[in-house]
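An overview of the molecular structure
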Protein chains: 2
Amino acid sequence: MIDELFIKIIILSDLVLQMMKKFNVCVLGATGLVGSEMVKILLDRNFPIESLTLLASKRTAGSIVSAAGRTMEVKDADEATFEDIDIALFAGGELASEIYAERANRAGCVVIDNSSFFRMRPNVPLVVPEVNEGDLERHKGIIANPNCSTIQMAVVLKPIYDAVGIKRVVVSTYQSVSGTGRAAIDELKRQSFDVLSGNEVKSECYPCQIAFNLIPQIGSFDSSGYSSEEMKMIFETKKIFSDDSIKVAATTVRVPVERGHCESLNIETVKKISKIDAERLLASADGISLCGCSNQYPYPTPLTCANKDDVFVGRIREDLSCPNALELWISADNIRKGAALNAVQIAEALIKRDLVRV
Amino acid sequence: MIDELFIKIIILSDLVLQMMKKFNVCVLGATGLVGSEMVKILLDRNFPIESLTLLASKRTAGSIVSAAGRTMEVKDADEATFEDIDIALFAGGELASEIYAERANRAGCVVIDNSSFFRMRPNVPLVVPEVNEGDLERHKGIIANPNCSTIQMAVVLKPIYDAVGIKRVVVSTYQSVSGTGRAAIDELKRQSFDVLSGNEVKSECYPCQIAFNLIPQIGSFDSSGYSSEEMKMIFETKKIFSDDSIKVAATTVRVPVERGHCESLNIETVKKISKIDAERLLASADGISLCGCSNQYPYPTPLTCANKDDVFVGRIREDLSCPNALELWISADNIRKGAALNAVQIAEALIKRDLVRV
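Scope of this entry: the structure provided in the associated data block. Residues take numbers from 1 onward in each chain, read along the sequence in its written order. Written order determines the labels here, with chains lettered from A and ligands numbered from 1. Given that the model is predicted, a residue must reach a pLDDT of at least 70 before its local features are reported, and side-chain atom pairs must reach 80 or more before they are shown or counted; all residues, however, enter totals for whole chains, interfaces and linings. Side-chain measures were taken over the full set of non-hydrogen atoms in the model, leaving aside hydrogen atoms and water.

1. Let's talk about the overall build of chain A
Inclusion rule: A run of H or I in DSSP becomes a helix once it reaches four residues, and a run of E becomes a strand once it reaches two; helices and strands are each numbered from the N terminus. Remark: exposure states derive from per-residue accessible area (1.4 Å probe, protein chains only) relative to the maximum for the residue type, with buried under 20%, exposed over 50%, and partly exposed in between. Here, two residues are considered to be in contact whenever any of their heavy atoms come within 4.5 Å of each other. Note on areas: Shrake-Rupley, 1.4 Å probe, and residue coverage restricted to the protein chains presented here. Under this rule, positive means Lys or Arg and negative means Asp or Glu; His and the chain ends count for nothing. Where a charge lies is defined by one atom per residue type: Lys uses NZ, Arg uses CZ, Asp uses CG and Glu uses CD.
For chain A, the helix and strand inventory stands at ten helices and 13 strands. Dimensions along the principal axes, computed over C-alpha positions, put chain A at roughly 65 × 55 × 45 Å. When the 358 residues of chain A are sorted by exposure, 59% land in the buried category. Residue pairs in contact within chain A that sit at least 24 positions apart in sequence constitute 67% of those at least 6 positions apart. On chain A, roughly 14500 Å² of surface is accessible, and the fraction owed to carbon and sulfur atoms is 53%. Taking the average place of the 40 positive charges on the side chains of chain A and the average place of its 47 negative ones, the gap between the two points comes to 2 Å.

This is the structure in structure tokens:
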């Protein structure tokens, strides 16, 4: 009796110690849109930080990042050994991931990578915590953060997949310029001002004018005519759900919006689900806010989801053209849930599962 | 021999006379975006005009419309008898159509109506000339011009329908504010300026801010959650093709663009058609311009289709998620092919077929 109590106390103490443990964290690409949002989210969520190291390229090293009342100097990633770091959040783009991830791993640091560089590698889990947190158990030192458009779609597909199965998704995206980075936000603003003022418009970030226009090209095209963004949505979804039978048809489009990606989803399910049941299901699902009839408008917009954590869902309809299909409109902050927040949630899940090791 | 020649000459003379005939034309709603474009197109295309009468509500009667170097005074529609008019193009909205169409018909004037008021009535042909010009033969005095989003979709569906049949279309739209009218263009510009300047933003034309935002609501919602614009795309398509078996799933979205509607189409066909065959088919179809690999970008945008007559098609792909489906991106000037031009083309077809009578 006393022995049992003693064992329980030891287990509990271990848990408490684990929960109180603090970590040496680093953010690579800390001056970019996603990297600086990672810093903000880590501090806002009281992530158990022992030390926080900010890294970037030589070009921006030395600059100061401010978040949650703290100011921190950014250091040159080339000079980082990662030896004192437990968890590294990478938001420096594909090339930086290729260069620094293995160096970090060799130094014993777990990497959560926002780039597409490692995403489709078989030994790298591709994780949206609401969907496949369990995949973290088989990590070998690198965990990939999925593409922004894929993350928000996966969060919404998950409860539907579990309840009635999913055969096929036809998705058209409405993606904001912040997905391209800070320069694209400046370009949208500058071009908008130039159009309103009757000035000549110059395009640098995009193949043509984005202000008051639409560009149905995100990434480069392959020989079949698909863009790299569309192929990411198709293949990353299969990997996240560990189910090659989920079919996705994607058209990805850049729209003149600063922040927040929207998607029009047509989801063909295995079994039929009614509009009311789908609303009930999604309203109670992790990471989802439902915009229903009780809201001012029964739909989210980029403005209403900006700087929020959840994926917002509205306009749920039973598809009149197919016996087992739903139509819905979803919206999420592409910099938060589509990138920085999802990476921090992965880090939190690693800690909870005691998986902060290479 | 001489008799036969004589008959041929008589027939030919009749044809020449028919072609040389001029008509008394009127535009109702001539001060609006669509009405003033109708005036411009009639003059630009050398429509056989004997006289051109411009009508509008009391509020704008007396104002001057300028087009093709001519200035014309707009008269009060309430005072019009339509007795000297052969063809009336209506662009005054549903209420004006309800009030004036029968009055015009009684006076012997054929009405081509841009509003949705008569569209779904069984005895009113709903016509896109590239698709169902033949339906004009059964007109009883009123011909309806379809919804802007439906017209551009129907033009693109037609050659595919004829070649391989169509089972189901999943469409998501990206519709510019000019579809709402001139006040909405002003609102987009004013709001954009206010956002860039850090001023407070006010919304009058739309339920919420449209500048740098998206609004997935066009029209009002029914109890199933569909918007009136979406239901128009579903039911008008069936009527235009005289085929209730064509299934359409539509999501219609307003985007911060001044002019030009775009659509992401997923078309499930009865028989398979390859990307190359679809490109060949669409490149040679009436009213379509293909943006292929030889173009600077393999896709149209709202800016590239503005003030053009054709429906532009690009990004043709074989859908990887369905054995017999195509994905494509289309774009058209919603004020021209989506409204004013289609109405004028209907009038031209009525003349060609000698159907200018009630």
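2. A short note on the relation of the copies chain B and chain A
For clarity, the cut-off: When the copies are overlaid, the least-squares fit takes in C-alpha atoms only where the residue has pLDDT of at least 70 in both copies.
Each copy superposes on the other: chain B lies on chain A with an RMSD of 0.0 Å after a rotation of 180 degrees and an axial shift of 0.0 Å. The transformation just described matches what one would write down for a two-fold rotation axis. Interface residue correspondence from chain B to chain A reaches 100%, placing this contact among same-surface, isologous pairings.

3. Describing the sheet that holds strand S6 (residues 110-113) of chain A
Residue and element names in this part refer to chain A. Selection rule: By this definition, two strands are paired if DSSP reports at least two bridges between them. Angles shown run from 0 to 180 degrees and are taken between the N-to-C directions of axes, each axis being a line fitted to C-alpha atoms and, for helices, limited to the stretch in contact.
One open sheet holds the seven strands; their spatial order is S3-S4-S2-S1-S5-S6-S7, and the pairing between them is mixed. At either end of the open sheet lies a strand with only one pairing partner, and these are strand S3 (64-67) and strand S7 (142-144). Across the sheet, the axes of successive neighbouring strands diverge by a mean angle of 25 degrees, strand direction being ignored. Here strand S5 (residues 87-90) runs beside S6; their pairing, made up of four bridges, is parallel. Its bridge partner being in S6, Phe90 is matched across the sheet by Asp113. Here helix H2 (residues 33-44) sits on the sheet and contacts strand S1 (23-28), strand S2 (49-56), S3, strand S4 (70-76) and S5; the angle it forms with S2, its principal contact strand, is near 170 degrees.

4. What to know about the pattern of salt bridges
Basically, it comes down to this: Salt bridge, as used here: a side-chain nitrogen of Lys or Arg that lies within 4 Å of a carboxyl oxygen of Asp or Glu.
Counted under the stated rule, the structure contains 48 salt bridges over all chains. Where Asp319 of chain B meets Arg168 of chain A, a salt bridge forms, and the shortest distance between an N and an O atom there is 2.6 Å. Of this pair, Asp319 of chain B sits in the loop between strand S12 (311-318) and strand S13 (325-332) while Arg168 of chain A sits in strand S8 (residues 166-174), which puts the two residues in different chains. Judged by its relative accessible area of 7%, Arg168 of chain A falls in the buried class. Measuring nitrogen to oxygen at the nearest pair gives 3.2 Å for the salt bridge that ties Asp162 of chain B to Lys158 of chain B. One end of the pair is Asp162 of chain B and the other is Lys158 of chain B, both in helix H5 (residues 148-164) and four residues apart, which spans about a single turn. Owing to a relative accessible area of 49%, Asp162 of chain B belongs among the partly exposed residues under this scheme. Residues joined by salt bridges that share partners form a network here, namely Glu37, Arg45, Arg259, Asp309, Asp333, Arg336 and Glu348 of chain A.

5. Details of the packing of H2 of chain A against helix H10 (residues 336-352) of chain A
All names here are of chain A. Test applied: With respect to orientation, any angle under 35 degrees is reported as roughly parallel, any angle over 145 as roughly antiparallel, any angle of 65 to 115 as roughly perpendicular, and every other angle as oblique. Helix crossings fall into two classes, left-handed where the near helix is turned counterclockwise from the far one by less than a right angle and right-handed where it is turned clockwise. Amino acids are sorted into nonpolar (Ala, Val, Leu, Ile, Met, Phe, Trp, Tyr, Cys and Pro), charged (Asp, Glu, Lys and Arg) and polar (every other residue, Gly among them).
Between H2 and H10, the least distance of the axes is 9 Å, while the angle of their chain directions is 50 degrees. Viewed along their axes, H2 and H10 adopt a mutual orientation that is oblique. The handedness of the crossing between H2 and H10 comes out as right-handed. Judged by residue contacts, Val34, Glu37, Met38, Lys40, Ile41 and Leu42 of H2 engage Arg336, Ala339, Ala340, Leu341, Ala343 and Val344 from H10. For the contact of H2 with H10, the per-class residue count stands at nine nonpolar, no polar and three charged.

6. Structural notes on the nonpolar core
Heads up, the condition is: Here, the term nonpolar core denotes a set of buried Ala, Val, Leu, Ile, Met, Phe, Trp, Tyr and Cys residues that are joined through side-chain atoms within 4.5 Å.
Within the largest apolar cluster, 116 residues are counted, with the highest numbers of intra-cluster contacts made by Leu52 and Leu89 of chain A together with Leu52 and Leu89 of chain B. Setting aside anything within four residues of it in sequence, one finds Leu89 of chain B in contact with Cys26, Val27, Leu28, Met38, Leu42, Ile112, Ala343, Val344 and Ala347 of chain B.

7. Details of the interface of chain B and chain A
The test is simple: By buried area we mean how much accessible surface two parts lose on assembly, using a 1.4 Å probe and totalling the loss over both. In the analysis that follows, any N or O atom pair within 3.5 Å is treated as a polar contact, provided that within protein one partner can donate a hydrogen and the other can accept it, and provided that, for residues neighboring in sequence, both atoms belong to side chains.
Taken together, the contact between chain B and chain A spans 61 residues of the former and 61 residues of the latter. Counting each side, the surface lost to burial between chain B and chain A is near 4800 Å², with a carbon and sulfur contribution of 62%. Summed over the three residues of chain B that lose the most area to chain A, namely Phe212, Leu214 and Arg315 of chain B, the buried surface amounts to 13% of that side. Taken together, the connections running from chain B to chain A amount to six salt bridges. For Arg315 of chain B, the salt bridge is made with Glu230 of chain A, and the minimal N-O distance between the two is 2.7 Å. The interface formed by chain B and chain A includes 36 residue pairs in polar contact (both at pLDDT 80 or more).

8. What about helix H7 (residues 228-240) of chain A?
Every α-helix carries 3.6 residues per turn, so stepping three or four residues along brings you back to the same face. Residues and elements named next belong to chain A. Heads up, the rule is: Expected helix span is computed as 1.5 Å times (number of residues minus one).
Along its 13 residues, H7 runs 18 Å from first to last C-alpha, staying within 8% of the 18 Å computed at 1.5 Å per residue. In terms of burial, H7 is largely enclosed, as ten of its 13 residues are buried. Buried within H7 are the following residues: Glu229, Glu230, Met231, Met233, Ile234, Glu236, Thr237, Lys238, Lys239 and Ile240. Ser242 sits one or two residues past H7 and shows a positive phi near 45 degrees.

9. Some points on the environment of Gln152 of chain B
Structurally, Gln152 of chain B can be placed in helix H5. It is 17 Å that separates the C-alpha atoms of Gln152 of chain B and Glu279 of chain B, two residues lying 127 residues apart in sequence.

10. Structural notes on the state of the cysteines
Note the threshold: Two cysteine sulfurs form what is called a disulfide whenever their separation falls within 2.5 Å.
Tallied over the full model, the rule gives zero disulfides over all chains. Its sulfur unpaired, Cys148 of chain A is 12 Å from the next cysteine sulfur, which belongs to Cys305 of chain A.

11. Details of the sheet that holds strand S13 (residues 325-332) of chain A
All names here are of chain A. The mixed open sheet is built from six strands, whose spatial order is S9-S8-S10-S13-S12-S11. Two strands in the sheet have a free side with no partner beyond their single neighbour: strand S9 (247-251) and strand S11 (288-290). On average, each strand axis in the sheet is inclined to that of its neighbour by 25 degrees, with strand direction left out of account. In this structure, S8 lies alongside strand S10 (residues 261-269), joined through eight bridges in antiparallel fashion. In the sheet register, Tyr174 faces S10, and the bridge partner there is Cys262. Contacts from helix H5 (residues 148-164) reach S8, S9, S10, S11, strand S12 (311-318) and S13, with the element oriented near 30 degrees to S10.

12. With respect to the side chain of Arg315 of chain A
Looking at where Arg315 of chain A falls in the secondary structure, it is placed in strand S12. Looking at Arg315 of chain A, its side chain comes within polar contact range of the side chain of Glu230 of chain B, at 2.7 Å.

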